[in-house]
Amino acid sequence: MPNGEGSVDSVKENGPAQLPAQLPALLRRANLARLLRASGLVWVLVALCVVAALVSEAFLNPFNIVNVLRQVALFGIVAIGMTFVILTAGIDLSVGSIVAVVAVVSALMLDGGVPVPLVVLAALGIGVVLGGLNGLGITLGSLPPFIMTLGMMVMGRGFAMAISGGHPIRFPDASAGFAWLGQGDLLGLPVAVWIFAVVAAAAYVVLRYTAFGRNVYAVGSNPEAARLAGINVPLTLFGVYTISGFLSALTALIFISRLTVGEPVAGIGLELEAIAATVIGGTSLFGGEGGVIGTVLGAAIFAVLANLLNLAGVSPFTQQIVKGAVIVAAALFAIHRRRRHGSTP
């Protein structure tokens, strides 16, 4: 954002005492910037869809479109949790491992005949606990987010492997009602897509209209100024990592209900896809800038790109190169925009 009243830079220059008065103007300008970026992302998405349709007639096949939407939902939910984290200038590398832990534990519970409602509550509770542990390590332990979530990523993956013996856990057909979550349709669209829409709408409302959402942006813009302005920075950070863990667990439930199996290797690379969707959507890795709308469009762009590469017959190894290049390009663009507007990373 340009310098001036209501910008992140002016808040930093004028001191923390100015933060409460300038925060509404800061948020208005941030919303305008997000709207302008979102309009550009829409055209990028349209262009990708046109290219995909020209490359392969199969792209416009209804079955393929539904598959793309399902993929958007699966890593889009995690990406929304990642958006909360990155808005505070943090990172969460543990989301894929949390998915694996929840997937394996849930499958074991279903295989043991535990009622579905209890399995869902336990799964979401596990996500909240693991996300909360990330938050506690970062706030009380003063660990950098990268280190704390990296450690959780390794521990979580090891835990999933240990309790499953390294093998997929299948649950019986008696739990077929649970499959509706990942396989069912509602008004012609997968249930997972509707869940994603609800999560996105709720996240938008939280970030746009609640005190917690304003605190997230303030902490990401300048944590010291936010602290001196009376914002509980540790509680805000604890909250965003808890949200990330909760949404990772929700994704795990959708994942295993679709495949009817809990795999200890579930979610490998999911953190990179979530970060990619968030960064492509315009959320700054330096915090305080971005939003849910951009993340939704970023998830759609990433899913369409992956589908385009598959339809074009590009090998999975080459696809990884392309996806990595997209992440780097999006990060470089964010740095360039930040420098152009007078900030330093």
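Residues numbered from 1 in each chain as written. Predicted model: local features only at pLDDT ≥ 70, side-chain atom pairs only at ≥ 80, totals over all residues. Heavy atoms only, no water.

Chemist: Sorry if this is basic, but what is going on with the overall build of the protein here?
Modeler: Helices and strands together make up the secondary structure of the protein, namely 14 helices and four strands. Counting only residues that meet the buried cut, the protein has 52% of its 345 residues in that class. Taking the intrachain contacts of the protein between residues at least 6 apart in sequence as the baseline, contacts between residues at least 24 apart amount to 77%. Put simply, the protein shows about 15100 Å² of open surface, and 71% of that area lies on carbon and sulfur atoms. (Helix = DSSP H or I, 4+ residues; strand = E, 2+ residues; numbered from the N terminus. Buried < 20%, exposed > 50% of the residue type's maximum accessible area, 1.4 Å probe, protein only. Contact = heavy atoms within 4.5 Å. Areas by Shrake-Rupley, 256 points an atom, 1.4 Å probe, with all protein chains shown as cover.)

Chemist: Sorry if this is basic, but what is going on with a nonpolar patch on the surface here?
Modeler: Among the surface-exposed residues, Val42, Trp43, Val46, Val50 and Leu54 lie close enough to one another that they form a single nonpolar patch of about 540 Å² accessible area. With respect to the helices and strands, the residue valine 42 is situated in helix H2 (residues 19–55). (Patch = residues over 30% accessible without salt bridge, like charges linked within 9 Å, V, L, I, M, F, W, Y side chains within 5 Å. Salt bridge = Lys/Arg side-chain N within 4 Å of Asp/Glu carboxyl O.)

Chemist: Mind showing me how you'd approach the pattern of salt bridges here?
Modeler: Any two side chains of opposite charge can pair, on the condition that their charged atoms come close. Applying the stated criterion across every chain yields a total of one salt bridge. Notably, a salt bridge pairs glutamate 224 with arginine 227, separated by 2.5 Å at the nearest N-O pair. One end of the pair is glutamate 224 and the other is arginine 227, both in helix H10 (residues 223–228) and three residues apart, which spans about a single turn. Residue glutamate 224 is classed as partly exposed on the basis of its relative accessible area, which comes to 40%.

Chemist: Is there a simple way to explain the environment of leucine 108 in this structure?
Modeler: By secondary structure assignment, the location of leucine 108 is in helix H4 (residues 95–111). According to the relative accessible area criterion, leucine 108 is partly exposed, its value standing at 35%. Setting aside chain neighbours within four positions, we find leucine 108 in contact with Ile163 and Ile169.

Chemist: Please explain the layout of surface pockets as it appears in this structure.
Modeler: Unoccupied space between atoms shows up once a probe the size of one water molecule is rolled over them. Estimated volume of the largest pocket: approximately 670 Å³. Taken together, 27 residues make up the lining of the largest pocket; nearest its centre are Gln71, Phe75, Leu270, Glu273 and Lys323. Counting residues per element, the ones that place at least two in the lining of the largest pocket are helix H3 (62–87), helix H11 (233–259), helix H12 (270–280), helix H13 (292–311) and helix H14 (316–340). Here the residues of the lining of the largest pocket sort into 14 nonpolar, 10 polar and three charged. (1 Å grid on protein atoms, 1.4 Å probe; cavity = no way out; pocket = protein on both sides within 12 Å on 5 of 7 lines; lining within 4 Å. Points joined across faces, edges and corners; volume = space filled by probe spheres on them. Nonpolar A, V, L, I, M, F, W, Y, C, P; charged D, E, K, R; others polar.)

Chemist: Even after reading the chapter, I still don't get the nonpolar core, so can you show me in this structure?
Modeler: Nonpolar side chains tend toward joint burial in soluble globular proteins. Ile80 and Ile195 are the most contacted members of the largest nonpolar core, which totals 84 residues. Looking at which element gives the most residues to this core, the answer is H3, with 14 residues. In this structure isoleucine 80 touches Phe196, Val199, Ala200, Ala203, Leu247, Val292 and Thr295, once residues within four positions along its chain are discounted. Core analysis: the second largest hydrophobic core is formed by six residues, Ala218, Ile231, Val233 and Leu237 among them. (Core = buried A, V, L, I, M, F, W, Y, C linked by side-chain atoms within 4.5 Å.)

Chemist: Explain the packing of aromatic side chains here, please?
Modeler: What the rule picks out here adds up to two aromatic pairs. Ring geometry for phenylalanine 75 versus phenylalanine 302: centroids 5.8 Å apart, planes at 85 degrees, classification edge-to-face. You can see phenylalanine 75 sitting in helix H3 and its partner phenylalanine 302 sitting in helix H13, a full 227 residues away along the chain. Given the relative accessible area of 5%, phenylalanine 75 is considered buried. Residue classification places phenylalanine 302 among the buried residues on the basis of a relative accessible area of 3%. (Phe/Tyr/Trp six-rings, centres within 6.5 Å; stacked < 30°, edge-to-face > 60°.)

Chemist: Before we go on, may I ask you to explain the confidence of the model for the protein in this structure?
Modeler: The predicted coordinates should not be examined in detail at positions where pLDDT is low. The predicted model of the protein has a mean per-residue pLDDT of 83, with 84% of residues at 70 or higher. Looking at the elements of the protein, mean pLDDT is at its lowest for helix H1 (residues 8–14), recorded as 44, and at its highest for helix H5 (residues 116–139), recorded as 95. (pLDDT = per-residue confidence, 0-100.)

Chemist: What exactly am I supposed to notice about the packing of helix H8 (residues 191–209) against H13 here?
Modeler: Contact geometry for H8 and H13: axes closest at 9 Å, N-to-C directions at 150 degrees. Taken together, H8 and H13 sit at an angle that is classed as roughly antiparallel. Residues Phe196, Ala200, Ala203, Tyr204 and Leu207 of H8 form the contact with H13, whose own contacting residues are Val292, Ile293 and Val296. Class assignment for the residues of the contact of H8 with H13 results in eight nonpolar, no polar and no charged. (Axes fitted to C-alpha atoms, helices over the stretch in contact; angles between N-to-C directions. Parallel < 35°, antiparallel > 145°, perpendicular 65-115°, else oblique.)

Chemist: Looking at this structure, I do not really get H13. What am I missing?
Modeler: Residue pairs three or four apart in sequence face the same way in an α-helix, which turns once every 3.6 residues. Along its 20 residues, H13 runs 28 Å from first to last C-alpha, staying within 8% of the 28 Å computed at 1.5 Å per residue. Positive backbone phi, approximately 80 degrees, marks glycine 313, located one or two places after H13. (Expected span 1.5 Å × (residues − 1).)

Chemist: Is there a simple way to think about the environment of alanine 330 in this case?
Modeler: With respect to the helices and strands, the residue alanine 330 is situated in helix H14. Between the C-alpha atoms of alanine 330 and glycine 282, which are 48 residues apart in sequence, the distance is 8.1 Å. Beyond its immediate chain neighbours, meaning those up to four positions away, alanine 330 contacts Val279 and Ile280.

Chemist: Would you mind showing me how to read unusual backbone geometry here?
Modeler: The phi dihedral of leucine 187 falls on the positive side, at around 55 degrees, and the residue is not glycine. Counting through the fold element by element, leucine 187 comes out in the loop between strand S2 (185–186) and strand S3 (189–190). By relative accessible area, leucine 187 is classed as exposed at 76%.

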